[in-house]
Amino acid sequence: MAANGTSVSIQDLSLNFGAVSVLQTLNLDVAEGEFIVLLGPSGCGKSTLLNCIAGLLDISEGRIFIKGKNVTWEEPKDRGIGMVFQSYALYPQMTVEKNLSFGLRVAGVPKDEITKRIARAAEILQIEPLLQRKPAALSGGQRQRVAIGRALVRDVDVFLFDEPLSNLDAKLRSELRVEIKLLHRKLQNTMIYVTHDQIEAMTLADRIAVMKGGVIQQLDAPQTIYNRPVNRFVAGFLGSPAMNFVEGQLEAGAPALFKSGSVSIPLDRYAFDGAGSKSGACVFGIRPEHIAFGEAANSMPFATDAAVEIVEPMGSDTLVWTKLGAHNFSFRVEAEKTLRNGDPVRIGFDPARASLFDSQSGNRM
Amino acid sequence: MADHAVPAATPSGVARADASGPSGPKPRHVFSRRNIFLYGTLIVVAVYYLLPLYVMVVTSLKGMPEIRLGNIFSPPLEITFEPWVKAWSQACTGLNCDGLSRGFWNSVRITVPSVILSIAIASVNGYALANWRFKGADTFFVILIVGAFIPYQVMIYPIVIILREIGLYGSLSGLVIVHSIFGMPILTLLFRNYFTSMPEELFRAARVDGAGFWGIYLRIMLPMSLPIFVVAVILQVTGIWNDFLFGVVYTRPDTYPMTVQLNNIVNSVQGVKEYNVNMAATILTGLVPLVVYFISGKLFVRGIAAGAVKG
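In this text the structure is predicted, and so the values were computed from the model without any measurement. (Residues numbered from 1 in each chain as written. Chains lettered and ligands numbered in written order. Predicted model: local features only at pLDDT ≥ 70, side-chain atom pairs only at ≥ 80, totals over all residues.)

Draft legend 1. Structural context of the sheet that holds strand β17 (residues 310–313) of chain A. Residues and elements named next belong to chain A. The strand order across the open sheet formed by 3 strands is β17-β18-β19, and the pairing between neighbours is antiparallel. With partners counted over all chains shown, the strands left at the sheet margins are β17 and β19 (327–334), one partner each. On average, adjacent strands in this sheet sit at an angle of 25° to one another, irrespective of strand direction. Sheet analysis places strand β18 (residues 317–324) next to β19, joined by 8 bridges and oriented antiparallel. Bridge assignment links Thr 322 to a residue of β19, and that residue is Phe 329. (Pairing = 2+ DSSP bridges. Helix = DSSP H or I, 4+ residues; strand = E, 2+ residues; numbered from the N terminus. Axes fitted to C-alpha atoms, helices over the stretch in contact; angles between N-to-C directions.)

Draft legend 2. Broad picture of the nonpolar core. Leu38(A), Leu160(A) and Ile192(A) are the most contacted members of the largest nonpolar core, which has 140 residues in total. By residue number, the principal contributor to this core is helix α8 (residues 172–197) of chain B, which donates 11 residues. Domain assignment of the residues forming this core places at least three in each of domain 1 (2–229) and domain 2 (241–358) of chain A. Not counting residues within four places of it along the chain, the set of residues in contact with Ile192(A) comprises Val8(A), Val30(A), Ile36(A), Leu38(A), Leu50(A), Ile53(A), Val158(A) and Leu160(A). One finds Ala91(B), Leu262(B), Ala280(B) and Leu284(B) within the second-largest nonpolar core, a separate group that totals 11 residues. (Core = buried A, V, L, I, M, F, W, Y, C linked by C-beta atoms within 7 Å. Buried ≥ 20, exposed ≤ 12 C-beta atoms within 10 Å, placed from the backbone. Domains from an automatic or database assignment. Contact = placed C-beta atoms within 7 Å.)

Draft legend 3. Expanded view of unusual backbone geometry. All names here are of chain A. Here Ser 240 and Pro 241 are connected by a cis peptide whose omega angle stands at 0°. Within the secondary structure, Pro 241 is located in the loop between α8 (232–237) and β11 (244–251). We note that Lys 67 has phi near 55°; this positive angle belongs to a residue other than glycine. Position of Lys 67 relative to the elements: it lies in the loop between β4 (61–66) and β5 (69–70). In this structure Lys 67 comes out as partly exposed when scored by C-beta crowding, with 16 C-beta atoms within 10 Å. One non-glycine residue with positive phi stands out, namely Ala 89, at about 55°. Note on Ala 89: 25 C-beta atoms within 10 Å, which makes it buried.

Draft legend 4. View of the interface of chain B and chain A. The interface is formed by 14 residues belonging to chain B together with 17 residues belonging to chain A. Counting residues per element, the ones that place at least two in the side of chain B that touches chain A are α9 (200–208) and α10 (213–224) of chain B. The greatest single-element share of the side of chain B that touches chain A, amounting to 6 residues, is contributed by α9(B). Each residue belonging to the side of chain B that touches chain A can be placed in one class, and the counts come to 8 nonpolar, 2 polar and 4 charged. (Nonpolar A, V, L, I, M, F, W, Y, C, P; charged D, E, K, R; others polar.)

Draft legend 5. Geometry of helix α1 (residues 46–54) of chain A. Residues and elements named next belong to chain A. Most of α1 is tucked away: 8 of the 9 residues are buried. Those residues of α1 that sit buried are Lys 46, Ser 47, Thr 48, Leu 49, Leu 50, Cys 52, Ile 53 and Ala 54. Gly 55 lies just past α1 and shows a positive phi near 90°.

Draft legend 6. Quick peek at the sheet that holds strand β16 (residues 302–307) of chain A. Residues and elements named next belong to chain A. Pairing is antiparallel across the open sheet formed by 3 strands, whose spatial order is β15-β20-β16. The open sheet has two edge strands, β15 (291–293) and β16, and neither has a second partner. When strand polarity is set aside, the average angle formed by the axes of neighbouring strands in this sheet is 35°. With 6 bridges joining them, β16 and strand β20 (residues 344–349) adopt antiparallel strand pairing. The residue bridging Ala 306 from the neighbouring strand is Val 345, located in β20.

In C-alpha cells form, the structure reads like this:
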C-alpha cells in the first residue's frame with residue numbers, strides 16, 4: 001500500500017494545554033487508502049490527535065500534510081476530510097436530507113449535483129427511506145449511518161471516525177463494524193478511526209497505532225501487534241482475556257532460562273530482539289489461548305503441573321485460572337471440558353509464542 | 001443446574017397470579033392527608049398574593065363616592081369603566097392631560113428596540129464565549145459578570161455625562177443604548193450557559209462541514225435555541241418595561257416611559273386622590289409584562305430548566 005503514496009503525514013506534532021503535554025513529537029504516515037486505527041485507553045490522546053488532523057484543535061508544534069499539501073493551519077473545511085462523531089452530531093432541526101446536504105450548501109455546490117451525491121450516499125448506506133425524517137425519529141444505528149453519509153457526500157480524501165460505534169449496543173456495533181469495513185473496501189478512501197475497543201481495532205485496521213500518554217507505542221499490522229507487542233503495555237492492552245504475566249529472572253546462557261520461584265522455562269526457541277538475551281529481572285508473558293492442557297501439554301517444549309483454582313465459563317470456551325509459580329495464570333479450554341476447582345491439570349506451551357519484557361523499561365527483549 | 005430449575009419456575013408463576021389480579025387504574029385518594037396539606041398551602045399562598053390584585057381591580061371599577069365608604073374588599077355596586085378611560089387618556093400630569101397613552105407609546109418605542117438590540121448582541125456574545133474560545137475569553141467573561149454586580153446607581157452620573165458628550169442625552173435612543181448595555185451581563189451569561197450545554201460535537205461537525213462563525217450561529221445554533229430566546233425576551237421586556245430609574249433620569253417629560261408617567265399620575269398632589277384612576281393606571285402599566293408572561297409561560301419554564309440542568 002505504501003506504493004500508492006502517502007495520504008496523511010504527521011510530522012513532529014506536539015500539543016500542549018498550558019503546562020500539560022497531551023501529544024509529544026508524534027510522527028505518523030498513513031498510506032493512500034489505508035485503514036488506520038488509533039487505539040488506546042481513555043485519555044491517551046487518540047481523539048485529540050484526530051481533532052488535530054481535522055483542524056479542530058490548533059497544534060503547538062509540528063506539521064500536518066494531507067495529500068502532500070501542508071494543511072497545518074488550514075480550516076477544517078479546506079483539508080479534504082470528513083468526520084464522523086461518537087454522538088452522531090446530527091443537526092436536530094434539519095431532516096436527514098438537509099443534514100447530508102448542509103456542507104454542500106455551505107460550499108455552494110449546484111443543486112442537481114447535491115441531489116446526485118445525496119442519492120448516491122443514501123444508496124450506499126441504505127438510508128433512502130429516511131431522507132425526509134428528522135434525526136429524533138431515527139434509531140441509533142440509523143443516526144450513525146446518516147453521520148457517515150454526511151462525510152460521504154462531501155467527497156473527501158480522508159475519513160475520520162471518532163469512536164463512531166461507542167454509543168451503540170453490542171449487536172448493532174458488530175453489524176455496523178462490518179458495514180464500515182465494506183464501505184472502506186468499496187470507497188478505497190484513507191480512513192483514520194479512533195476507538196478504545198480492541199475488537200474494532202483488530203477487525204478493521206490495516207495497521208493499528210496503539211497510543212498511551214500522547215505517544216504512539218506501536219504502529220503495525222494487527223497480527224504483529226497481537227503476537228509481538230513491543231512493550232508490556234501493548235501486550236496487556238490487547239487481547240481479551242488478557243495476556244498472562246509472570247515476573248522472574250532471565251539467566252543468559254545456552255539455552256537462556258527464565259526462572260520464577262521453582263519454575264524454570266528454557267528459552268532456546270524464543271526469538272530475542274536484536275540485542276539478544278541479557279541476565280536480569282524480566283516479565284514473561286503468554287496469551288491464554290497459546291497454552292495447551294492435558295495430553296497436548298506433554299508434546300509442548302515446556303510443561304508443568306498445576307491445580308485449577310477458578311473456572312470461568314464464557315460460552316464459546318472456558319477460562320481456567322491456575323497458578324504458575326506464585327503468579328495467577330489463565331488458559332483457555334473448550335467449553336465442553338468439565339474442570340472443577342482443585343482438579344490437577346497438566347499445562348504446557350511453546351516459549352516461541354511468548355513475549356519477554358524487561359522489568360525496568362517494560363520493552364520487549 | 002438441575003436443582004435450580006424448580007425455584008426458577010416460581011417467578012413466572014407469580015407473574016401469572018398478578019395478571020389475573022385486580023386491574024384498572026390505580027385507586028386515588030382525593031382527600032388524603034398529603035393532598036389536603038399540599039392544596040391547602042397552595043390555596044392560602046395563592047389567595048395571599050392575589051388579594052392585592054383583587055382590591056386593585058375592584059377599586060378601579062368603583063366610582064369615587066363608593067370608594068369613600070371605605071369597604072375596600074366589597075365588590076363594586078355599580079360597575080364603571082370611567083376610571084380606566086380617564087387613566088388611559090385624560091389623567092393629568094403637570095402640564096399635559098393625555099393620561100398614560102403617551103407613556104405607553106414611549107415605553108413601546110423604548111422596549112422593542114432595547115429588547116431586540118440587547119438580545120441580538122448578547123446571544124452572539126454568549127455563542128462566541130461558549131464555542132469560539134478566543135484568547136482572553138475567560139477574562140472578558142469575568143469582567144462582564146463583575147459588571148452584573150455593580151449597583152446601577154453608581155453608574156448613573158457617568159452615563160449622564162457620556163450621553164451628553166455623544167449628544168444622546170434625553171433622547172429615546174440614548175435610553176435604548178443604556179438598557180442594552182445593562183442587560184448585557186446577565187443575558188450573555190444566560191446565552192453562554194445555554195450554548196455551552198449544547199453538544200460540542202455539533203459545533204465541530206458544522207465546522208468540518210465548512211460553516212463559519214456566522215453560518216454556525218445562524219443555521220445551527222439559532223434554530224436550536226428558541227427556549228432561551230423566549231427566556232431572554234421575557235426577562236428583558238419585564239425588566240425594561242418596569243424600569244423607572246433610567247427612564248426618569250435619561251429622558252425628558254415628553255419622552256417619559258409609562259412607569260414614570262404612572263408615577264406622575266399617582267403622585268400628583270392637586271385636588272382629591274382618585275384611587276380608582278390610580279388603580280386602573282397601575283393595572284394598565286403592568287398589563288404588558290403580564291401578557292408576555294402568559295403567552296410564553298410554558299416556554300419560559302422549559303428554557304430556564306434547559307439552561308439550568310447543565311449550567
